[in-house]
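Examining the three-dimensional arrangement
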Amino acid sequence: QLQLVESGGGLVQPGGSLRLSCAASGFTLDDYAIGWFRQAPGKAREGISCISSSDISTYYGDFVKGRFIISRDHAKNAVYLQMYSLKLEDTAVYYCAAVQYSDPCPYEYDYWGQGTQVTVSS
């Protein structure tokens, strides 16, 4: 069974930073495009960022405004989302997702993690 596990969420004050991790078991992430998504209560899920399976291209949502960075660690079989200057509106459950052999970043994903909660509060 293919599995993705997110970690790194938590409570942070406005302006703070967090690094989210997406770790894989059962497959090698190098062969997959990885996307990060988030969903706040009462709101639709929105795409944040993705990195293609070949690492040729990346995508960032316009709302990120240079605050988030996606990266891949091949040795650790993981993808990270580094988040800076967090705002109240960044509060959401954050998910990573994977789809095999996709470049550029795809619209649809086949595998999803369970999510990690990010809460930005003063």
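See above for the structure.
Residues numbered from 1 in each chain as written. Predicted model: local features only at pLDDT ≥ 70, side-chain atom pairs only at ≥ 80, totals over all residues. Heavy atoms only, no water.

To continue, consider the overall build of the chain. Secondary structure assignment for the chain yields 0 helices and 11 strands. A compact globule built from 122 residues should have a C-alpha radius of gyration of about 14 Å, and the chain, at 13 Å, falls within 12% of that. Sorting the 122 residues of the chain into buried and exposed places 45% on the buried side. Within the chain, residue pairs in contact and separated by at least 24 positions form 58% of the contacts whose partners lie at least 6 positions apart. Of the roughly 6400 Å² that the chain leaves accessible, carbon and sulfur atoms contribute 48%. Treating the 9 positive side-chain charges of the chain as one cloud and the 12 negative ones as another, the clouds have centres 10 Å apart. (Helix = DSSP H or I, 4+ residues; strand = E, 2+ residues; numbered from the N terminus. Rg over C-alpha atoms; globule rule 2.2 N^0.38 Å. Buried < 20%, exposed > 50% of the residue type's maximum accessible area, 1.4 Å probe, protein only. Contact = heavy atoms within 4.5 Å. Areas by Shrake-Rupley, 256 points an atom, 1.4 Å probe, with all protein chains shown as cover. Lys, Arg positive; Asp, Glu negative; His and termini not counted. Charge placed at Lys NZ, Arg CZ, Asp CG, Glu CD.)

The next subject is the nonpolar core. Membership of the largest hydrophobic core comes to 27 residues, with the highest contact counts inside it found for L4, I34, W36, V79, L81, M83 and Y94. Elements with a minimum of two residues in this core: strand 3 (18-25), strand 4 (32-39), strand 5 (46-51), strand 7 (68-73), strand 8 (78-83), strand 9 (92-100) and strand 11 (116-120). If we skip the residues at most four places from it in the chain, M83 touches G16, S17, L18, L20, R67, F68, Y94 and V118. In terms of nonpolar packing, the next biggest core, distinct from the first, is built from 7 residues, A33, F37, A97 and V99 among them. (Core = buried A, V, L, I, M, F, W, Y, C linked by side-chain atoms within 4.5 Å.)

Think of a pair of aromatic rings as described by two things: how far the centres are apart, and how the planes are tilted against each other in angle. Tallying each qualifying case throughout the model produces 6 aromatic pairs. Measuring from ring centre to ring centre gives 5.3 Å for F37 and Y109, while their planes differ by 80°; the resulting arrangement is edge-to-face. Taken together, the positions of F37 in strand 4 and Y109 in the loop between strand 9 and strand 10 (111-112) put the pair 72 residues apart, joining distant regions of the chain. On the basis of relative accessibility, which here comes to 12%, the residue F37 falls in the buried class. Between F37 and W112 the ring centres are 4.9 Å apart and the planes differ by 45°, which places this aromatic pair in the tilted class. (Phe/Tyr/Trp six-rings, centres within 6.5 Å; stacked < 30°, edge-to-face > 60°.)

Strand 4 sits mainly inside the fold: 7 of its 8 residues count as buried. The sheet contact formed by strand 4 and strand 9 spans 8 bridges and is antiparallel. If you follow A33 over to strand 9, its bridge partner there is V99. In this sheet, strand 5 lies alongside strand 4 in antiparallel orientation, the contact comprising 5 bridges. Across the sheet, residue R38 finds its bridge partner in strand 5, namely E46. In textbook terms, the turn of a hairpin is the stretch between consecutive antiparallel strands, and for strand 4 and strand 5 this stretch comprises 6 residues, one of which, G42, has a positive phi near 80°. (Pairing = 2+ DSSP bridges.)

Note that every value here comes from positions in space, so none of it alone points to a role or purpose.
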